[in-house]
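# Chains, contacts and geometry: an overview
So you can see what is in the structure, the chains are spelled out below.
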Amino acid sequence: MHLTPELLLKARLRLLKMHYESGVGHIGGKLSCLEILMVLYHEVLEPNDIFILSKGHSAGSLYITLWSLGLLTDDDLRTFHMDGTRLSGHPPFQGIPAIPFATGSLGHGLSLAAGLALAKKLKGLRGRLFCLTSDGEWNEGSNWEALIFTRQQNLNVTTIVDLNGLQGFGRTRDIANLEPLADKFKAFGVRTSEVDGHDLEAITAAVGEDIDGPKVVIAKTQKGHGVSFMEDQFEWHYLPLSREAYRLAVEQVSANA
Amino acid sequence: MRNLFCKSLVELAANPDFVFLTGDLGFQALEPLRDELGKRFMNMGVAEQNMISVAAGLAKGGMRPWVYSIAPFLYARGFEQIRNDICLHHLPVILVGNGGGYGYGVMGSTHHAIEDYGVLVPLPSMRVYLPAFDSDVRELVRQLMLIDHPAYLRLGLSEQPKWLSPSPFASWRHMLPGAGPTIVLTGPLAGGILDALHQSGISADVWLVSELPIAEPPADFLASIRRSNYLLVVEEHVAAGSLGQMLARQLLLAGVAPAKFVHRTALGYVSGLYGSQRFHRLECGLDPSQIVTEIRRAVA
């Protein structure tokens, strides 16, 4: 199923609904990476490819994307964050076959992807690895260890950075400034490109581009994208949706589609 | 043990899924394995967190990764990677920590592993293996190549007495039958203590534990405690998270309580000074001579 604007709208509305119904936060960082995930699963991933969500706090966007593919049901989504759910706030270690690893503590996903890529290489199996990190996550030293390793072994791992400029308790530039981030990746000898993280065609072209070895795609995004009062607002990393905020968000998302 | 460990793995190198990761260590020890495995031997550099998560990915991808470093560089540096990436997913990654206890001696505290199994045993599906003798290594390595869960192998220097031909590696072994106190040992430290007891002529009932968490104690062991009413546990590990603690719990569950329980453990850095493994053992009361003194006191 190809990604159409209608399908993306449907996913965005379902994401808002899920968050409203469950009464939980982390919606901002989910809206920033929804296009990336939808492009990956609908346009890029082939049967032998594997995706790791390193920014586990965006699990909701991943659940919605899997729902858009028929891999999770509405009944599943209604259990999000509830007692007895398979859909924990961060990706679970069991219960959802499409999710190979539990993530949530940052700085693990890229190494896991590298290990899976290395296994494919040693076994002579086809398939590429894709990993989505946040930008704040590059505070973690382990990510740089992983980047060096993928370069050294020339592993077929594509890292996508959801560069929304906001992290857990402030702006990335005020905490551990890595801008310009692309220069840092390039300095490690890794092919690096930058795209508008809300432009479906640009993401498809950059992420889907086949090269031999690792590459990084920096997706410039907006936290809370598509909802004016959430866009680039730090507090929407955490806040749950009130009834009025939900109504306004649905109105704006629908009007902008 | 390290050279035997290497030799045992070389024998298994034909397994195409076997991959060995080292954290930039193994000089003058692992070269034969490197030469045998070729591209399946990987120096991962000084980056243990990445190494452990990569191993988890490799195991998920159907490989059989062994991960080698100085013990604390694995279990302490990479604890979260072990917990989240390996253990939560029940992946068969074998972590090999060299220098159990005070094995690195005067190299200093950063290299010592005196709380390793205490922090690893609580993790889901993790099992810890504590070979005591060189003669344990080959069979244990063969077993570990076939397991379906995470494992930590604590290597040290074998102190196997010349007169001793131990029974094959097992979680519980009855090393010396005797009418005196009941003694539980673990790891290479057992060799020196067995030797000292042998020479002293003391009749003690000596058991060796080599796998954690401990399996239910054998009936003969429980009978031994009921008879002797005295239990001495000796281990090169701090008391918290120790074999002694685990054993005390098992005994209470079994309704067996000796009148006297003596626990000799690692105590950290008693004088604040550094020395050989023997120096640190002496500071903790773990030296075979001190153990014999303790047992003589009990017998008297």
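Residues numbered from 1 in each chain as written. Chains lettered and ligands numbered in written order. Predicted model: local features only at pLDDT ≥ 70, side-chain atom pairs only at ≥ 80, totals over all residues.

Residues and elements named next belong to chain B. With five of five residues buried, strand β6 (residues 151–155) is to be regarded as a mostly interior element. Of the two faces of β6, the one lined by Ala151, Leu153 and Leu155 and the one lined by Tyr152 and Arg154 are each fully buried. As defined by bridge partners, strand β4 (residues 94–98) adjoins β6 across five bridges and the pair is classed as parallel. Note on β6: the bridge partner recorded for valine 96 is leucine 153. For strand β5 (residues 127–129) and β6, the ladder comprises three bridges, and the chain directions are parallel. Note that in β6 the partner of tyrosine 129 across the bridge is leucine 153. In terms of handedness, the path from β5 via helix α7 (residues 134–144) over to β6 forms a crossover that is right-handed. (Buried ≥ 20, exposed ≤ 12 C-beta atoms within 10 Å, placed from the backbone. Helix = DSSP H or I, 4+ residues; strand = E, 2+ residues; numbered from the N terminus. Pairing = 2+ DSSP bridges. Right-handed = clockwise from strand over helix to strand, strands pointing away.)

Moving on, we get to the sheet that holds strand β2 (residues 129–134) of chain A. All names here are of chain A. Spatial strand order, β1-β2-β3-β7-β6: five strands in an open sheet with parallel pairing. Taken across any chain shown, the strands that pair with only one partner, and hence form the sheet edges, are β1 (50–53) and β6 (191–196). Sheet twist, expressed as the average angle between the axes of neighbouring strands with direction ignored, equals 20°. Strands β1, β2 and β3 (157–163) of the sheet are contacted by helix α5 (residues 109–123), whose axis makes an angle of about 175° with β2. Strand contacts of helix α9 (residues 200–208): β3, β6 and β7 (215–220), with the helix running at about 170° to β6, the strand carrying the most contacts. (Axes fitted to C-alpha atoms, helices over the stretch in contact; angles between N-to-C directions. Contact = placed C-beta atoms within 7 Å.)

All right, on to the nonpolar core then. Counting 154 residues, the largest nonpolar core has Tyr63(A), Ala113(A), Ala114(A), Leu21(B), Ala55(B), Val67(B) and Leu95(B) as its most contacted members. Looking at which element gives the most residues to this core, the answer is helix α2 (residues 27–44) of chain A, with eleven residues. When residues of this core are sorted by domain, at least three fall in each of domain 1 (2–155) and domain 2 (172–299) of chain B. Excluding residues that lie within four positions of it along the chain, Leu95(B) makes contacts with Val67(B), Leu74(B), Ile82(B), Ala151(B), Tyr152(B) and Leu153(B). (Core = buried A, V, L, I, M, F, W, Y, C linked by C-beta atoms within 7 Å. Domains from an automatic or database assignment.)

Turning to the pairing of strand β12 (residues 260–264) of chain B, a few remarks are in order. Residue and element names in this part refer to chain B. With five bridges connecting them, strand β11 (residues 230–234) and β12 associate as parallel partners. Bridge assignment links leucine 232 to a residue of β12, and that residue is valine 262. Where the polypeptide runs from β11 across helix α10 (residues 243–253) and back to β12, its parallel neighbour, the crossover connection is right-handed.

With that settled, the discussion passes to the interface of chain A and chain B. Contacts between the two partners involve 21 residues from chain A, matched on the other side by 22 residues from chain B. Of all the secondary-structure elements, those providing two or more residues to the side of chain A that touches chain B are α5 and α6 (141–152) of chain A. Considering only residue class, the side of chain A that touches chain B consists of 13 nonpolar, five polar and three charged. (Nonpolar A, V, L, I, M, F, W, Y, C, P; charged D, E, K, R; others polar.)

So, on to the domain arrangement of chain B. Residue and element names in this part refer to chain B. Domains assigned within chain B are domain 1 (2–155) and domain 2 (172–299). Listing elements by their share of the side of domain 1 that touches domain 2, those giving two or more residues are α6 (116–120) and β5. Here the side of domain 1 that touches domain 2 is built from residues that sort into twelve nonpolar, seven polar and four charged.

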